[in-house]
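This is what each chain is made of:
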Amino acid sequence: MSPSRLASILGLTNSDDNDDKNWLEQAVATNRRRGFPQRQKTTSTTSTTSTLSMSTAAPGPGPAPAPSPVHYYYDLMSQPSRALFIIFRLSGMPFQDCVVALRNGEHLTDEYKTNINRFQRVPCINDNGYKLAESVAILRYLSAKGKIPEHLYPKYFVDQARVDEFLEWQHMTLRITCALYFRTVWLEPLLTGRTPKEDKIEKLRMQMELNLDVIEDVWLQNSDFVSGSTLTAADIFAACEIEQTRMADYDVRIKYPKIRAWLKRVRQTCNPHYDVAHEFVYKISGTGPQAKL
């Protein structure tokens, strides 16, 4: 498994790699033969039966059609996909499920690139013709439209800046190091049959734990959540990144008591949606959400 293949799954990059050329070509060819799968769509139905009107007056214009729900393209294997899924469910925002099977290369087809997301990643949305990629951009856009409640993403600029502070920090620190550890320890051996060298695993673990140290000692130093006393979108994004390491047999709870307690608070506040989003993680890791140390 090449770094670019995992990056395609995790949304970190979009480059090709010769190691996966045959696999990708086969997946893309299969999808091209059958055409990009038709997603569920909200459609209106009109009767084909016509009736004669007793009036000769031309009918006036009818009411404008209601906008359709946001189409959300995602795969729950993707950490930011899970984060937005939980946020949407907590917000009570109607959305159209458009599941993209990354494992089948559905995001690599020309149809997906042209019609869904020019960057060929998940998550992304189509809001009545307005296409948008990148999870944090989606969060901010839907918040500006009043779709995300203020307790998850504040509108008051001071509180919003505190949430943004974490979201900006985590992308190139917590997210990338957790993803690299997961890829090297779990995903690459699964797909290539090759066991990574111990010194490489140790180096990646140390890099990941440098950022977990910051979560433990800085972000959670004096508060129950990373941006203050209540749960926000920042906590959900962070928790989804950390949960991914379960599949690589890394139990963050052993070394980090504050993170352990925080993860429990995040799950309890977000459930039942948190467990639904992480069902795949629980299944693959063999550790339930309440598994003891």
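For the structure given in this document, a descriptive report is provided here. All of these numbers come straight from a predicted model, not from anything done at the bench.

This part takes up the environment of Asp224. Here Asp224 is to be found in the loop between α7 (198–219) and α8 (233–243). We classify Asp224 as partly exposed; its relative accessible area is 40%. Separated by 41 residues in sequence, Asp224 and Arg265 place their C-alpha atoms 8.2 Å apart. The residues touching Asp224, leaving out its near neighbours within four places in the chain, are Ser229, Trp262 and Arg265.

In this section: the sheet that holds strand β2 (residues 95–99). Read from one edge of the open sheet, 4 strands run β2-β1-β3-β4, paired in mixed fashion. Unpaired on one side and paired on the other, β2 and β4 (130–133) mark the two borders of the sheet. On average, each strand axis in the sheet is tilted by 20° relative to the strand beside it, whichever way the strands run. Here strand β1 (residues 70–74) pairs with β2 via 5 bridges, running parallel. Its bridge partner lying in β2, Tyr72 is registered against Asp97. Each of β1 and β2 touches helix α3 (residues 79–91); the most contacted strand, β1, lies at about 150° to it. Where helix α5 (residues 135–144) meets the sheet, its contacts fall on β1, β3 (124–127) and β4, and the angle it forms with β4 comes to roughly 135°.

Turning our eyes to something else, we now look at the packing of α3 against α8. Relative orientation of the contacting elements α3 and α8 amounts to 140°, with a least axis distance of 8 Å. By the angle between their directions, the pair α3 and α8 is classed as oblique. Crossing of α3 against α8: the hand is right-handed. In this structure, α3 contributes Gln79, Pro80, Arg82, Ala83, Leu84, Ile86, Ile87 and Leu90 to the contact, and α8 contributes Ala233, Ile236, Phe237, Cys240 and Glu241. For the contact of α3 with α8, the residue count by class is 10 nonpolar, 1 polar and 2 charged.

This part takes up helix α6 (residues 157–192). Of all the bends found along α6, the most pronounced is centred on Gln170 and spans about 60°. Of the residues trailing α6, Gly193 is marked for its positive phi of about 80°.

So, about unusual backbone geometry. For residues that are not glycine, phi is negative in most cases, and the peptide bond is trans in most cases. Note the cis peptide between Val122 and Pro123, where omega equals 0°. With respect to the element layout, Pro123 can be found in the loop between α4 (110–115) and β3. Look at the link from Asn271 to Pro272: it is a cis peptide, with omega at 10°. Turning to its location among the elements, Pro272 is positioned in the loop between α9 (257–270) and α10 (273–277).

This part takes up the pairing of β4. In the sheet, β3 pairs with β4 via 4 bridges, with the strands oriented antiparallel. Bridged to Asp127 within β4 is Tyr130. From the end of β3 to the start of β4, which pair antiparallel, there are 2 residues, and Asn128 there has a positive phi angle of about 50°.

Per the counting criterion, the structure on display carries 13 salt bridges. Here Asp127 makes a salt bridge to Lys145, at a shortest N to O gap of 2.6 Å. With Asp127 in strand β3 and Lys145 in the loop between α5 and α6, the pair connects residues that are 18 residues apart, well separated along the chain. Look at Asp127 and you get buried, because its relative accessible area is 8%. Classification of Lys145 by relative accessible area gives partly exposed; the value is 43%. With a shortest N-O distance of 3.0 Å, Glu209 and Lys255 are connected by a salt bridge. Placement of Glu209 in helix α7 and of Lys255 in the loop between α8 and α9 is noted, with a sequence separation of 46 residues between them. Where salt bridges share partners, they join Glu202, Arg205, Glu209 and Lys255 into one cluster.

Attention now goes to the nonpolar core. Among the nonpolar cores identified, the biggest contains 62 residues, and Ile87, Phe88, Leu139, Leu212, Ile236, Ile259 and Trp262 are the most heavily contacted of them. Among the elements that make up this core, the one with the highest residue count is α6 (9 residues). Setting aside residues no more than four positions away along its own chain, Leu139 makes contact with Leu84, Ile87, Ile148, Tyr153, Leu167, Ala233 and Phe237. Counting residues in hydrophobic clusters, the runner-up holds 9 residues, among them Tyr73, Leu102, Tyr112 and Cys124.

The next thing to look at is the packing of α3 against α5. The N-to-C vectors of α3 and α5 enclose an angle of 15°; their axes lie 10 Å apart at closest approach. Judged on the interaxial angle alone, α5 and α3 are roughly parallel. Every pair of crossing elements has a handedness; the one defined by α3 and α5 is right-handed. Contact with α3, carried on its side by Pro80, Leu84, Ile87 and Phe88, involves Ser135, Ile138, Leu139 and Leu142 of α5 and no other residues of that element. Here the residues of the contact of α3 with α5 sort into 7 nonpolar, 1 polar and no charged.

Parameters and conventions
Residues numbered from 1 in each chain as written. Predicted model: local features only at pLDDT ≥ 70, side-chain atom pairs only at ≥ 80, totals over all residues. Heavy atoms only, no water. Helix = DSSP H or I, 4+ residues; strand = E, 2+ residues; numbered from the N terminus. Buried < 20%, exposed > 50% of the residue type's maximum accessible area, 1.4 Å probe, protein only. Contact = heavy atoms within 4.5 Å. Pairing = 2+ DSSP bridges. Axes fitted to C-alpha atoms, helices over the stretch in contact; angles between N-to-C directions. Parallel < 35°, antiparallel > 145°, perpendicular 65-115°, else oblique. Left-handed = near helix turned anticlockwise from the far one by under 90°. Nonpolar A, V, L, I, M, F, W, Y, C, P; charged D, E, K, R; others polar. Bend = angle between axes of the 7 residues up to and from the residue. Salt bridge = Lys/Arg side-chain N within 4 Å of Asp/Glu carboxyl O. Core = buried A, V, L, I, M, F, W, Y, C linked by side-chain atoms within 4.5 Å.

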